[in-house]
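Structural characterization, general
Below, each chain spelled out in residue letters.
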Number of protein chains: 2
Amino acid sequence: MISIGIIEDNDVLRSSLQLLFENSGRFQVAFSLHDARNLLAETELHMPRLLLMDIDMPGINGIDAVKLVKKDFPTVDIIMFTVFEDDEKIFRSVMAGASGYLLKKIPPEKLLEALDDFVQGGAPMTGSIATRVLEMFRKQTQQTAATFNLSARELEILTSLSSGKTYRLIAGERFLSVETVRSHVKNIYEKLHVHSKAEAVAKAFREKLI
Amino acid sequence: MISIGIIEDNDVLRSSLQLLFENSGRFQVAFSLHDARNLLAETELHMPRLLLMDIDMPGINGIDAVKLVKKDFPTVDIIMFTVFEDDEKIFRSVMAGASGYLLKKIPPEKLLEALDDFVQGGAPMTGSIATRVLEMFRKQTQQTAATFNLSARELEILTSLSSGKTYRLIAGERFLSVETVRSHVKNIYEKLHVHSKAEAVAKAFREKLI
DNA sequence: CTTAAAACCCCCTAAACGGGGGATAATTTG
DNA sequence: CAAATTATCCCCCGTTTAGGGGGTTTTAAG
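Below: a short report on this structure. Just so we're clear, the structure is a prediction, and the values are computed from it rather than from any experiment. (Residues numbered from 1 in each chain as written. Chains lettered and ligands numbered in written order. Predicted model: local features only at pLDDT ≥ 70, side-chain atom pairs only at ≥ 80, totals over all residues. Heavy atoms only, no water.)

Points about the protein's contact with DNA strand C
With respect to spatial proximity, 18 residues lie near DNA strand C, and among them Tyr 167, Arg 168 and Lys 197 of chain A together with Ser 151 and Lys 191 of chain B are the closest. Interatomic distance of 2.2 Å between a side-chain N/O atom of Tyr 167 of chain A and a phosphate oxygen of DNA strand C. Here a phosphate oxygen of DNA strand C and a side-chain polar atom of Arg 153 of chain B are 2.6 Å apart. Secondary structure elements with two or more residues in the surface near DNA strand C: α9 (167-174) and α10 (178-192) of chain A together with α9 (178-192) of chain B. (Near = heavy atom within 4 Å. Polar contact = N/O pair within 3.5 Å; in protein donor to acceptor, adjacent residues only side chain to side chain. Helix = DSSP H or I, 4+ residues; strand = E, 2+ residues; numbered from the N terminus.)

Now the structure itself:
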């Protein structure tokens, strides 16, 4: 029996899902929530094998919820279950740590099959290939500015540098003195371990800071 | 009936595939080849709906074959069918223009299902989501230096600029005079429509020139 | 064979940059 | 609350860059 948690704000759909799982003989509903408020507590209590997570929900949205759960319970796999088909949402879900992404238009039997498949080591999107694709993406955009502890200001300035702006221009745009910009730049260089604009820009792109 | 072309060097497997398709009632084998030699001619003659393409083959490899076919017959969809599960091969296949990627370990019924699914608008790897993922990748690495007509020398120098080297350093490394480097840089700027090192580096990354 | 590039080289000048120093208020964080 | 960090500001100096000229020779393409 696979233990599953459902987070879905549409009551009718949530009930249907619950029924579907309970009558499948293969799944067991650990909990079923209308929103992500009690999600951490419930997860800790029941420790389900996986979560089926809606994206568009009142309060905390599904993607942020993924981050929260993954932070505290990295072993719980999360499958997004949503009507959104756009790249942005998919991408952000994957980055947040979702292991799969299913569309609500999937037929019930297919849903069970996909989840079953996933638990067997595949990814709901197709066997092992899709898993790799997700991994590739994850690697590609992982680290963020945080890695280098750039401040918001520094990141701003780094972005401006990357568009080829001179210190003077940046100073003008942000109402700073050129000297201030210069010292920010110095700090950026130190944090990134570089010694020139060109290097900083290159690193910013390579490390996906921009 | 979906018309399909098979390119697979393993005779036993190829026969099995042919049998499978012919007895499926849904597929029709347009042609079945041991290697990619006569692929273009056969494709032109039979114009199959899709190709099932092995990667590791004598003579032309599957990935190059994809490029050739896609160049002349962009409407023919190509599904890679292989034992290789590594990112490199997947990535290169997608870049070459393959629409899907299936592993040989897939059970026969699943293969038919996946192809059927694909023809219905999905991607063999999962519904519409995987298709998007492939697209994302494709966009990410498309254009090359050719787009801006950078010469080999110019690309070299652009690369050096990106690592933060000064003109003097580059000149030293490549046994050029600083002035030569400078004029190459001028030409690069003109071609990329930029006016500084930082901008050039940024553009180089954005346009995947580096 | 002419034309057009690519690749090579040179000079000059003003602006921009990198590295070194030092300082103060505000905010975050332990 | 004290310590650390951040954001702000300032000076100096030598180097590097960008943009403006100028040019030759080799290679590729029409």
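Thoughts on the sheet that holds strand β2 (residues 27-33) of chain A
Residues and elements named next belong to chain A. Reading across from one edge, β2-β1-β3-β4-β5 is the order of the 5 strands in this open sheet, with parallel pairing throughout. Each edge of the open sheet is held by one strand with a lone partner, namely β2 and β5 (100-103). Sheet twist, expressed as the mean angle between neighbouring strand axes with direction ignored, is 25°. Here helix α2 (residues 39-46) sits on the sheet in contact with β1 (2-7), β2 and β3 (50-53), set at roughly 155° to β2. Contacts from helix α3 (residues 62-72) reach β3 and β4 (77-82), with the element oriented near 175° to β4. (Pairing = 2+ DSSP bridges. Axes fitted to C-alpha atoms, helices over the stretch in contact; angles between N-to-C directions. Contact = heavy atoms within 4.5 Å.)

Quick look at the pattern of salt bridges
Throughout the structure, instances matching the rule amount to 28 salt bridges over all chains. Glu 113 of chain B serves as the salt-bridge partner of Lys 110 of chain A, at 3.3 Å between the closest nitrogen and oxygen. Taken together, the positions of Lys 110 of chain A in helix α5 (residues 108-119) and Glu 113 of chain B in helix α5 (residues 108-119) put the pair across two chains. For Lys 110 of chain A, a relative accessible area of 32% translates into the label partly exposed. Put simply, Glu 8, Asp 54 and Lys 104 of chain A are held in one network by salt bridges that share partners. (Salt bridge = Lys/Arg side-chain N within 4 Å of Asp/Glu carboxyl O. Buried < 20%, exposed > 50% of the residue type's maximum accessible area, 1.4 Å probe, protein only.)

Remarks on the protein's contact with DNA strand D
Taken together, 18 residues are adjacent to DNA strand D, and Ser 151 and Arg 153 of chain A together with Tyr 167, Arg 168 and Lys 197 of chain B come closest. In the environment of DNA strand D, a phosphate oxygen lies 2.9 Å from a nitrogen or oxygen atom belonging to the backbone of Ser 177 of chain A. Within the side chain of Glu 179 of chain A, a nitrogen or oxygen atom sits 3.4 Å from a base nitrogen of DNA strand D. Those elements that place two or more of their residues in the surface near DNA strand D are α10 of chain A together with α8 (167-174) and α9 of chain B. Looking at the surface near DNA strand D, the element that brings in the most residues is α10 of chain A, giving 5 residues.

Quick notes on the side chain of His 184 of chain B
Position of His 184 of chain B relative to the elements: it lies in helix α9. Apart from the residues lying within four places of it in its own chain, the contact partners of His 184 of chain B are Arg 153, Glu 154 and Ile 157 of chain B.

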